[in-house]
Amino acid sequence: MTLNRREFMRTLMIGSTILRFTGGGIATDVLLSKASAAASTNSELLDQMERASFEFFWNEADPNTGLVRDRAEADGGSNSRMSSIAATGFGLTALCIGHQRNYRSRAEITARVRQTLHFLEHAPHVHGFLYHYVDMRDGRRFAKSELSPIDMSILLCGVLTCREYFHDAAIRR
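So, here is what we can say about the structure in this document. Keep in mind it's a predicted model, so treat the numbers as computed, not measured. (Residues numbered from 1 in each chain as written. Predicted model: local features only at pLDDT ≥ 70, side-chain atom pairs only at ≥ 80, totals over all residues. Heavy atoms only, no water.)

A word on the packing of helix H3 (residues 85–100) against helix H5 (residues 149–165)
Axes are the key here: two packed helices are described by the angle between their axes and the distance separating the axes.
In step 1: In the contact formed by H3 and H5, the axes pass within 6 Å of each other and the chain directions differ by 20 degrees. The angle between H3 and H5 falls in the class roughly parallel. Taken as a pair, H3 and H5 cross one another with a handedness that is left-handed. On H5, the residues touching Ile 85, Ala 86, Thr 88, Gly 89, Phe 90, Leu 92, Thr 93, Cys 96, His 99 and Gln 100 of H3 are Asp 151, Met 152, Ile 154, Leu 155, Gly 158, Val 159, Thr 161, Cys 162 and Tyr 165.
In step 2: Residues belonging to the contact of H3 with H5 are distributed by class as follows: 11 nonpolar, seven polar and one charged. (Axes fitted to C-alpha atoms, helices over the stretch in contact; angles between N-to-C directions. Helix = DSSP H or I, 4+ residues; strand = E, 2+ residues; numbered from the N terminus. Parallel < 35°, antiparallel > 145°, perpendicular 65-115°, else oblique. Left-handed = near helix turned anticlockwise from the far one by under 90°. Contact = heavy atoms within 4.5 Å. Nonpolar A, V, L, I, M, F, W, Y, C, P; charged D, E, K, R; others polar.)

Rendered as structure tokens:
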């Protein structure tokens, strides 16, 4: 039995009302079985979404720099070289999730994180800030892109997430 969110909430509300008057028993069993079915369906949906998100960030990252393409077609057909440092920050966090869930080999993901962080350490910058949009192959400013403290913060959140997650000296450094 598959319940959507609304049906689940309705079942939960009716069940909690019934439980007050019955003290448990059969109503508890029915409610728990429906909730369990919905939870497994929701869990499967979340797993699929996590996997698809990881795949986006993996596939849309330059394999040499780790910079993540800002936009891509749903079928992965984009040829744009414009990457975003914010997308790269989200991509770094996605690598932690992919590592935890074994979406690729752990060695392959760890190598990608190391490579990305090494590139970022030497990427063109202005007083420590990277431009919002950069060429994904060399990290140079894309068109007339601006420096962005907000996007830089998102990138640094990804960097710090990797630093805390991975037990790797090169990544922690």
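Once you've had a look at it, read on.
With respect to the sheet that holds strand S3 (residues 133–135)
To summarise the sheet geometry, strands pair through backbone hydrogen bonds and adopt either a parallel or an antiparallel arrangement.
In step 1: What the three strands build is an open sheet, ordered S1-S2-S3; its pairing is antiparallel. Two strands in the sheet have a free side with no partner beyond their single neighbour: strand S1 (68–69) and S3.
In step 2: Here H3 sits on the sheet in contact with S1, strand S2 (82–84) and S3, set at roughly 60 degrees to S2. (Pairing = 2+ DSSP bridges.)

Some points on the packing of aromatic side chains
In step 1: Taken as a whole, this structure holds four aromatic pairs when the rule is applied.
In step 2: Relative to Tyr 103, the ring of Phe 54 lies with its centre 5.3 Å away and its plane at 50 degrees, an arrangement referred to as tilted. Here Phe 54 is found in helix H2 (residues 26–59), whereas its partner Tyr 103 is found in the loop between H3 and helix H4 (106–122), with 49 residues between them in sequence.
In step 3: Judged by its relative accessible area of 2%, Phe 54 falls in the buried class. (Phe/Tyr/Trp six-rings, centres within 6.5 Å; stacked < 30°, edge-to-face > 60°. Buried < 20%, exposed > 50% of the residue type's maximum accessible area, 1.4 Å probe, protein only.)

Comments concerning the layout of surface pockets
In step 1: Quantified by volume, the largest pocket comes out at close to 430 Å³.
In step 2: Considering the residues around the largest pocket, the lining is formed by 17 residues, among which Leu 117, His 118, Leu 120, Glu 121 and Val 159 are closest to the centre.
In step 3: When residues of the lining of the largest pocket are traced back to their parent elements, those giving at least two are H4, H5 and helix H6 (169–172).
In step 4: Looking at the lining of the largest pocket, its residues break down into nine nonpolar, three polar and five charged. (1 Å grid on protein atoms, 1.4 Å probe; cavity = no way out; pocket = protein on both sides within 12 Å on 5 of 7 lines; lining within 4 Å. Points joined across faces, edges and corners; volume = space filled by probe spheres on them.)

A look at the side chain of Asp 151
In step 1: In this fold, Asp 151 is placed in helix H5.
In step 2: One buried charged residue, Asp 151, remains without a salt bridge, the closest side chain of opposite sign being Arg 71 at 11 Å.
In step 3: Apart from the residues lying within four places of it in its own chain, the contact partners of Asp 151 are Ile 85, Ala 86 and His 132. (Lys, Arg positive; Asp, Glu negative; His and termini not counted. Salt bridge = Lys/Arg side-chain N within 4 Å of Asp/Glu carboxyl O.)

Concerning H3
One full turn of an α-helix is made of 3.6 residues, so residues set three or four places apart face in the same direction.
In step 1: Over its 16 residues, H3 extends 23 Å from the first C-alpha to the last, a length consistent with the 22 Å expected when each residue adds 1.5 Å.
In step 2: H3 sits mainly inside the fold: 12 of its 16 residues count as buried.
In step 3: By the burial criterion, the buried members of H3 are Ile 85, Ala 86, Ala 87, Thr 88, Gly 89, Gly 91, Leu 92, Ala 94, Leu 95, Cys 96, Gly 98 and His 99.
In step 4: For H3, the N-terminal cap is Ser 84; the gap from its side-chain oxygen to the backbone nitrogen of Ala 86 is 3.1 Å. (Expected span 1.5 Å × (residues − 1). Polar contact = N/O pair within 3.5 Å; in protein donor to acceptor, adjacent residues only side chain to side chain.)

A few points about the pattern of salt bridges
In step 1: According to the stated counting rule, one finds nine salt bridges in the structure shown.
In step 2: A salt bridge links Arg 71 to Asp 70; its shortest N-O distance comes to 3.5 Å.
In step 3: Since its relative accessible area comes to 54%, Arg 71 is described here as exposed.
In step 4: Look at Asp 70 and you get partly exposed, because its relative accessible area is 21%.

Notes on the environment of Phe 56
In step 1: Tracing the backbone through its elements, the reader meets Phe 56 in helix H2.
In step 2: The class of Phe 56 is partly exposed, set by a relative accessible area of 30%.
In step 3: It is 8.6 Å that separates the C-alpha atoms of Phe 56 and Gly 91, two residues lying 35 residues apart in sequence.
In step 4: With near-sequence residues (within four places) excluded, Phe 56 lies in contact with Val 68, Arg 69 and Ala 72.

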